[in-house]
Amino acid sequence: MSSDSTPEKQFKIAKKLLQDGVDGDKQAAKRAHEKLLRLRETQPHHALIEAYYGSSLALLSRDAVKLVEKEEKALESLEVLNQAVEMDPNEKEIRFLRGSVCLHLPESYFYSSRIAIEDFTFLLDRYQQDSNYLTHKQVRRVLRKLSKAYQNSGNEVKANEVSQRLASMYPKKKDD
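Residues numbered from 1 in each chain as written. Predicted model: local features only at pLDDT ≥ 70, side-chain atom pairs only at ≥ 80, totals over all residues. Heavy atoms only, no water.

Caption draft 1: Here's a closer look at the packing of helix α3 (residues 47-63) against helix α4 (residues 67-87). Viewed as axis vectors pointing N to C, α3 and α4 meet at an angle of 165°, and their least axial separation amounts to 8 Å. Regarding the angle of α3 to α4, the classification is roughly antiparallel. At the point where α3 passes α4, the crossing takes the left-handed sense. Across the interface between the two elements, Ala47, Glu50, Ala51, Tyr53, Gly54, Ser55, Leu57, Ala58, Leu60, Ser61 and Arg62 of α3 pack against Lys70, Lys73, Ala74, Glu76, Ser77, Val80, Leu81, Gln83, Ala84 and Met87 of α4. When its residues are assigned to classes, the contact of α3 with α4 shows 11 nonpolar, five polar and five charged. (Axes fitted to C-alpha atoms, helices over the stretch in contact; angles between N-to-C directions. Helix = DSSP H or I, 4+ residues; strand = E, 2+ residues; numbered from the N terminus. Parallel < 35°, antiparallel > 145°, perpendicular 65-115°, else oblique. Left-handed = near helix turned anticlockwise from the far one by under 90°. Contact = heavy atoms within 4.5 Å. Nonpolar A, V, L, I, M, F, W, Y, C, P; charged D, E, K, R; others polar.)

See the structure below:
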């Protein structure tokens, strides 16, 4: 068996394809979903694979043409991501993935901003307990996403508080 066919290597490839899908490559999103589906079948209790699989469903939902398919894939994505959190509630990558997916779903239909707020707050709480839990770049991303989640939920006051916290902790940089 070549090293290209190990589950770890396949997972790494799937994660790269998923990121390409997030960046707009619809074919990469489909290929990531296929790889993650196969990995999920061979490793059914792997919470991180489950979370990435759920994220791939969200991309399929985003790229679907038919409204019914968009809705079905988005609901399935949420279900899978919630299952991943149940499997490993303390895994930061899973919490970040679920929060990010929830942040991009239409609030008026899915009401998922509260889940995004929960996940991003979870990450920041852990960071408060251990400053090595997240990198500075990750903290900035989480704070930006948390502010957006509060904004999506209609809580402008909290959104502004988080934005001010971000600005005070991390003055604007070129790569932001």
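Caption draft 2: Representation of the packing of helix α2 (residues 26-42) against α3. Relative orientation of the contacting elements α2 and α3 amounts to 145°, with a least axis distance of 9 Å. Of the two elements, α2 crosses α3, and the hand of that crossing is left-handed. When α2 is examined against α3, the residues Lys26, Ala29, Lys30, His33, Leu36, Leu37, Leu39 and Arg40 are found in contact with a partner set consisting of Ile49, Glu50, Tyr52, Tyr53, Ser56, Leu57, Leu59, Leu60 and Asp63.

Caption draft 3: Summary view of a negative patch on the surface. On the surface, a cluster of negative charge is contributed by Glu69, Glu72, Glu76 and Glu79. Here Glu72 shows up in helix α4. With a relative accessible area of 52%, Glu72 lands in the exposed category. (Patch = residues over 30% accessible without salt bridge, like charges linked within 9 Å, V, L, I, M, F, W, Y side chains within 5 Å. Areas by Shrake-Rupley, 256 points an atom, 1.4 Å probe, with all protein chains shown as cover. Salt bridge = Lys/Arg side-chain N within 4 Å of Asp/Glu carboxyl O. Lys, Arg positive; Asp, Glu negative; His and termini not counted. Charge placed at Lys NZ, Arg CZ, Asp CG, Glu CD. Buried < 20%, exposed > 50% of the residue type's maximum accessible area, 1.4 Å probe, protein only.)

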